[in-house]
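Results of the structural survey
Spelled out, the chains give:
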Amino acid sequence: MRRIATTLMLAVSLLLTLAPAATATAAADAGLTVTARWALLSDAPATAVLVGQYTCGPFPGGVPDRGVIDLSLNQQVNGATRRGIGYLTPTVCDGTPQWYAAGVSTVDGTAFRRASATWSASGYVEGGGGLQHGSVPPTAIQIR
C-alpha cells in the first residue's frame, strides 16, 4: 500500500509539471465543479486513479458539513465495457480549486488498459452556504 501511495504521489507531481491535458468541468449548480485531468493505471490493474480538481463553497470556515462526488470510468475493450466506480469526499469548500486523486475500481475486477476511456461524475456538498450540486456527463480521457 505504501508503494502505491509513493508511486501515485510521484506520478501526480510529474504530471503537474507537464503541459495540461484536456479537461472537462462539471456544470456548476451554485458552486460545485469537478474536473479530471488524468487517469493513471495503478499497480492494481483493476484500479485507475482519476486526478483533477474540485471547487465548492464558499462555506463558513471553508468546510462542508457533508458531501460526496461519485466517479465512474468506462472503457471499451474488445467490444466489452469495463465499468469502474469510485468517489471522493470534499473536505475543503472555500471557493478555491482543490486537488484530488481518487481510485476508481472495476465492478467485476477486470483490468483497465492504457487506452482511451470516458469518465463522469455526480455529487453534492452541503454546509452553512446551502446545498450545491454538480455533474459531468461522460467525457473522453486517456488512461496512462
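See the structure above.
These notes cover the structure that comes with them. (Residues numbered from 1 in each chain as written. Predicted model: local features only at pLDDT ≥ 70, side-chain atom pairs only at ≥ 80, totals over all residues. Heavy atoms only, no water.)

Overview of the side chain of Thr139
When you line up the elements, Thr139 lands in strand E9 (residues 130–142). The class of Thr139 is buried, set by a relative accessible area of 18%. Side-chain polar atoms of Thr139 contact the backbone oxygen of Pro137, separated by 2.7 Å. (Helix = DSSP H or I, 4+ residues; strand = E, 2+ residues; numbered from the N terminus. Buried < 20%, exposed > 50% of the residue type's maximum accessible area, 1.4 Å probe, protein only. Polar contact = N/O pair within 3.5 Å; in protein donor to acceptor, adjacent residues only side chain to side chain.)

With respect to the pairing of strand E3 (residues 38–41)
Along E3, one buried face is formed by Trp38 and Leu40 and the opposite face, lined by Ala39 and Leu41, is buried too. Note that E3 and strand E4 (residues 47–55) share 4 bridges and pair antiparallel. Bridge pairing links Ala39 to Leu50 in E4. Linking E3 back to E4 in an antiparallel pair, the connection comprises 5 residues. (Pairing = 2+ DSSP bridges.)

Some thoughts on the pairing of E9
Both faces of the sheet carry side chains from a regular strand, because those side chains alternate between them. The pairing of strand E8 (residues 116–127) with E9 spans 11 bridges and is antiparallel. Counted as the bridge partner of Thr118 is Ala140 from E9. Hairpin geometry of E8 and E9 is characterised by an intervening segment of 2 residues between the two adjacent antiparallel strands.

A few points about the state of the cysteines
Inspection of every chain in the model, using the stated rule, returns 1 disulfide. Here Cys56 is linked by a disulfide to Cys93, with a sulfur-sulfur distance of 1.9 Å. Judged by the sign of its S-S torsion, about -80°, the bond between Cys56 and Cys93 is left-handed. Of the two residues, Cys56 is situated in the loop between E4 and strand E5 (66–77) and Cys93 in the loop between strand E6 (80–88) and strand E7 (98–106); the sequence distance between them amounts to 37 residues. Among the residues examined, Cys56 registers a relative accessible area of 1% and is labelled buried. (Disulfide = S-S within 2.5 Å.)

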